[in-house]
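Breakdown of the fold
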Amino acid sequence: MITLGIETSCDETAASIVENGNVLSNEISSSVHLHAEYGGVVPEIASRFHTEYIYSVLEKALQDAGKTLEEVNLVSVTKGPGLPGSLLVGVAFAKAISLARNIPIIGVNHLSAHVLSCFLDKKGALNREIKFPFIGVVISGGHTSIYLCRDIENFECIGRTKDDAVGEAFDKVAKIMDLGYPGGPVVEKRAGEFNGKDEISFPRALLEDKEDLDFSFSGIKTAVLYYWQKCSKTEDEKNKICYSFQEAVTDVIVKKVIRAVRQNNIGILAVGGGVVNNHWLRTRLGEECQKLGIELKIPEKNNCTDNAAMIAVLGEILYKSGKRDDLYLSAEPTNNRL
Ligand code: KG4
Ligand code: ZN
């Protein structure tokens, strides 16, 4: 079975060819450089970029895989959540291919796909032993959520952010200090340059209640803003803020995620989403899981960010388990159900 995956939920235009769980190609073209001057994604610019580039991204994905469109048996597309205009481009494109080639179409949830990306190995092959149940976590620019994953179609949300997502907080902290967009990589880099003197104690929200699995990151963002307004704004000071912020959010994420694993007495943790590129977060999670005997599934760095391989792989699994969509498939921008 050859599946074409299409992902256009935010600012990445992506297409991938997957053959029976093996990723043959994974092509991504990002409009992130166009959003940089605005300090965040501009939806209209993102959807125009998708329209302009989706066809060439598809061609490249087919070429890299050594396949033609005629050989594709299934088209799998992100139906949500995401930016409405951006999702519409991908869904309309996938429908056109489904109609023209007379092949089935399947719409998949972007967040489930992030969780599933944890089971793709270095070469992009699906580790077939997706052992349920496990705790799945999405830490991205739009979401910070914990799921109890019982089987491929039964992901129950057991914790989520009440305000900002972690990636959004990284982006806003970078914006406060005028460090550019996206904020995650630059904050991580500067945190690594901190000289170790007088770390700032930023708030770690919602940790007091020992049962609570929700997050809140708007308070720490405000704390960074207040600190910034009063500080000397030297390079050392910026590095210190980045380090202390990264340390505080990592602390909260690791504690909550481990709490979820222990509360549910589950031995497997799968963590995906753009923020999982963060080296410090990966290290802390790895250490904690090793200490407690938890099996940690974490994507390779290139599989953390939005990509279409995870969409194709999930579509293929769902199709094989009997799920079907048709040309009435619609984009679901706010659908956070998995
Ligand atoms: O999953 P993703 O590519 O898109 C969404 O679905 O949101 O995540 C993008 C987010 C951005 O907020 C970006 O700043 C953050 O992931 N990010 C990072 C790092 N790399 C990307 N955050 C922290 N550390 C990083 N190294
Ligand atoms: Zn994403």
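Below or above, wherever it landed, is the structure these notes cover. (Residues numbered from 1 in each chain as written. Chains lettered and ligands numbered in written order. Predicted model: local features only at pLDDT ≥ 70, side-chain atom pairs only at ≥ 80, totals over all residues. Heavy atoms only, no water.)

**Quick word on the pattern of salt bridges**
Stated precisely, the cut-off is as follows: A pairing counts as a salt bridge when a side-chain nitrogen of Lys or Arg comes within 4 Å of a carboxyl oxygen of Asp or Glu. Think of it in three bands: residues with accessible area under 20% of the maximum for their type are buried, residues over 50% are exposed, and the middle band is partly exposed, with areas taken using a 1.4 Å probe on protein chains only.
Considering all chains together, one arrives at 22 salt bridges under this definition. When the shortest N-O distance is used, the salt bridge between Glu-295 and Lys-297 registers 3.4 Å. Judged by relative accessible area, Glu-295 falls into the partly exposed class, the value being 31%.

**Concerning helix H7 (residues 218-230)**
How we decide: Elements are defined by DSSP. Helices are runs of H or I of four residues or more, strands are runs of E of two residues or more, and each kind is numbered from the N terminus. Helices are assigned an expected span. That span is 1.5 Å times one less than the residue count. By arc we mean the arc of the directions from the helix axis to the C-beta atoms, nothing more. Contacts: residue pairs with any heavy atoms within 4.5 Å of one another.
Taking 1.5 Å per residue as the helical rise, H7 with its 13 residues ought to reach 18 Å, and the 19 Å between its terminal C-alpha atoms agrees with that figure. Here H7 has its buried residues at Ile-220, Lys-221, Ala-223, Val-224 and Trp-228. The buried residues of H7 occupy one face: seen down the axis, they fall within an arc of 160°. Residues of H7 that are exposed and point more than 90 degrees away from the buried face comprise Gln-229 and Lys-230. Close packing links the buried residues of H7 with helix H5 (166-176) and helix H8 (235-263).

**A short note on the layout of surface pockets**
Rolled over the atoms, a probe with the dimensions of a water molecule shows which regions are left empty. Worth spelling out the cut-off: Within this scheme a cavity is a closed region of a 1 Å grid, computed over the protein atoms alone, that accommodates a 1.4 Å probe without allowing it to escape, whereas a pocket is open but has protein on both sides within 12 Å along at least five of seven lines; lining residues each have an atom within 4 Å of a point. Grid points are joined across faces, edges and corners, and a volume is the space filled by probe spheres set on the points. Gly is placed with the polar residues, together with every amino acid not listed as nonpolar (Ala, Val, Leu, Ile, Met, Phe, Trp, Tyr, Cys and Pro) or charged (Asp, Glu, Lys and Arg).
Approximately 1,100 Å³ is the volume attributed to the largest pocket. If you go around the largest pocket, you meet 40 residues; those closest to its centre are Ser-140, Gly-141, Gly-142, Asp-171 and Tyr-181. Of all elements in the fold, only helix H4 (110-116), H5 and helix H6 (183-191) reach the threshold of two or more residues within the lining of the largest pocket. When residues of the lining of the largest pocket are assigned to their parent elements, the largest contribution, six residues, is made by H5. Here the residues of the lining of the largest pocket are counted per class, giving 13 nonpolar, 19 polar and eight charged.

**Some thoughts on the packing of aromatic side chains**
To keep it simple, the criterion reads: Note on aromatic pairs: the rings of Phe, Tyr and Trp (six-membered ring only in Trp) are paired at centre separations within 6.5 Å, and the planes decide the class, stacked below 30 degrees, edge-to-face beyond 60, tilted for the rest.
Taken as a whole and assessed by the stated rule, the structure comprises nine aromatic pairs. With centroids separated by 6.4 Å and ring planes inclined at 85°, the aromatic side chains of Tyr-55 and Phe-93 adopt a geometry described as edge-to-face. Highlighted residues: Tyr-55 in helix H2 (residues 43-65) and Phe-93 in helix H3 (residues 84-101), separated in sequence by 38 residues. Classification of Phe-93 by relative accessible area gives buried; the value is 16%.

**Some points on the coordination of the zinc ion (ligand 2)**
The condition that has to hold: Note on donors: an N, O or S atom is included if it sits within 2.8 Å of the metal, or within 3.2 Å for Na, K and Ca, and water is never included, so sites can look incomplete. Key to geometry: four donors with every angle between 85 and 135 degrees are tetrahedral; four donors are square planar and six octahedral where opposite donors lie over 155 degrees apart and all remaining angles lie between 65 and 115; all other sites are irregular.
Ligation of the zinc ion (ligand 2) by protein atoms is provided by His-110 (NE2), His-114 (NE2) and Asp-306 (OD), these donors lying 2.0 to 2.2 Å from the ion. For the zinc ion (ligand 2), the four donor atoms in the first shell make angles of 92 to 144° at the metal, a pattern classed as irregular. Sequence spacing of the donor residues for the zinc ion (ligand 2), all on one chain, is H-x3-H-x191-D. Taken together, the positions of His-110 and His-114, both in helix H4 and four residues apart, correspond to about one turn of that helix.

**A few points about the sheet that holds strand S4 (residues 74-80)**
So the rule is basically this: Strands qualify as paired when DSSP identifies two bridges or more between them. With axes taken as lines fitted to C-alpha atoms, and helix axes fitted only over the stretch in contact, angles between N-to-C directions fall between 0 and 180 degrees.
Spatial ordering of the open sheet is given by S3-S2-S1-S4-S5, a layout of five strands whose pairing is mixed. Each of the sheet's edge strands pairs with one partner strand only, and the pair in question is strand S3 (22-30) and strand S5 (105-109). Each strand of the sheet is rotated relative to its neighbour by a mean of 20°, with strand direction disregarded. Bridge analysis of strand S2 (residues 12-19) against S3 gives eight bridges, and the strand direction is antiparallel. What sits directly across from Ile-17, in S3, is Ser-25. This element, H2, spans strand S1 (2-7), S2 and S3 of the sheet and lies at about 25° to S2.

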